Amino acid sequence: MSSVLYDTPGPRAKRRNVLFSVVFFVLLALLLWWVWQTMDDKDQLTSALWKPFTESEAWTTYLLPGLENTLKAAALSMVIALPLGAVFGIARLSDHRWVRAVSGTVVEFFRSIPVLLLMLFANEFYSRSTDVTSEDRPLYAVVTGLVLYNASVLAEVVRAGILSLPKGQTEAAYAIGLRKGQTMTSILLPQAVTAMLPAIVSQLVVIVKDTALGGVMLGFPELLNSRGTLAANYANVIPSFIVVAIMFIVLNFILTSFASWLERYLRRSKRSTGAVLGVDKVDDLNAAEVGGGFGSGASA
């Protein structure tokens, strides 16, 4: 079936695609076999290196506390960055030039700076200008950096989502007398949420992964940092990397799966705007209208 993006492949193109697919999977299998053999030659697949992960001490002492700190930093960043990004995104659509200028400057400034630099700057700021303790300072710095960067990115997502709606939505709202604030909160934002959801979820996944930057540079005891302590005690660097990678994959898969379910639910809930009446209900309504008409005519 042809589309505006590509033509339907013919017999030769189909054979070529099948050949490329077979070659790709063969090369992938060879790569996996080479990785397996290399790890086996380096004694990275011995049961002694994987045994700590079958014991509760490795989980309760290192991995689970690290996962808890990762989730804490990510949750705080999400809760703050989402509404802040929505505010700045809507502000960039303001009718007032000074509001658009200020919000646009803030968004472009923080969107252009690497999140790691924001974390380092926040850490120095809390160290020199506040009374935040050294134990809490890494968490504060990580959350601050993630909020400043991701709020600016989410602001652009919100602005693009609202601008993607047909202009007729806004014109119809103005035609029935709604003000711009009412139009934004009652008409545009509810419709734009579904369109923005995939991009928002992608940014939330980035937040979860970027917490690892705080562990590497600031000593924040998140999951990847806790893995380093575990590997130093058990001398199982490669297995610990594999286990932590799987934990990140599962965590982000759960997040994206929930977002996919939420998007489907929102789309289904918007398909119908009213109840469907059966034939008997319609007949009852018609009878009531006829009776009311006769009654009013008799009284007249």
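Structure: see above.
Residues numbered from 1 in each chain as written. Predicted model: local features only at pLDDT ≥ 70, side-chain atom pairs only at ≥ 80, totals over all residues. Heavy atoms only, no water.

**Student:** Which parts of the structure should I look at to understand the packing of helix α3 (residues 56–91) against helix α6 (residues 137–163)?
**Tutor:** Helices that pack against each other are described as a pair by the angle of their axes relative to one another and the distance between those axes. One can describe the packing of α3 onto α6 by two numbers: an axis separation of 6 Å at closest approach and a directional angle of 40°. Compared by their axis directions, α3 and α6 come out oblique. The handedness of the crossing between α3 and α6 is right-handed. Of the residues assigned to the contact of α3 with α6, the class counts are 19 nonpolar, four polar and two charged. (Axes fitted to C-alpha atoms, helices over the stretch in contact; angles between N-to-C directions. Helix = DSSP H or I, 4+ residues; strand = E, 2+ residues; numbered from the N terminus. Parallel < 35°, antiparallel > 145°, perpendicular 65-115°, else oblique. Left-handed = near helix turned anticlockwise from the far one by under 90°. Nonpolar A, V, L, I, M, F, W, Y, C, P; charged D, E, K, R; others polar.)

**Student:** How do you make sense of the side chain of D210 when you look at a structure like this?
**Tutor:** Counting through the fold element by element, D210 comes out in helix α8 (residues 180–217). Buried D210, no salt bridge; nearest opposite-charge side chain is K209, N-O distance 6.9 Å. (Buried < 20%, exposed > 50% of the residue type's maximum accessible area, 1.4 Å probe, protein only. Lys, Arg positive; Asp, Glu negative; His and termini not counted. Salt bridge = Lys/Arg side-chain N within 4 Å of Asp/Glu carboxyl O.)

**Student:** What am I meant to see in a nonpolar patch on the surface here?
**Tutor:** Taken together, V18, L19, F20, V22, V23, V26, L27 and L30 make up a surface patch of nonpolar side chains, about 740 Å² in accessible area. Secondary-structure assignment places V26 in helix α1 (residues 11–41). We classify V26 as partly exposed; its relative accessible area is 44%. (Patch = residues over 30% accessible without salt bridge, like charges linked within 9 Å, V, L, I, M, F, W, Y side chains within 5 Å. Areas by Shrake-Rupley, 256 points an atom, 1.4 Å probe, with all protein chains shown as cover.)

**Student:** How do you make sense of the packing of α3 against α8 when you look at a structure like this?
**Tutor:** It is the contact of α3 with α8, at a shortest axis distance of 10 Å, that shows an interaxial angle of 145°. Crossing hand, α3 versus α8: right-handed. Taking contact as the criterion, the partners of T70, A73, A74, S77, M78, L82 and I90 in α3 are, on α8, M184, L189, I200, L204, I207, V208 and T211. Classifying every residue of the contact of α3 with α8 gives 11 nonpolar, three polar and no charged. (Contact = heavy atoms within 4.5 Å.)

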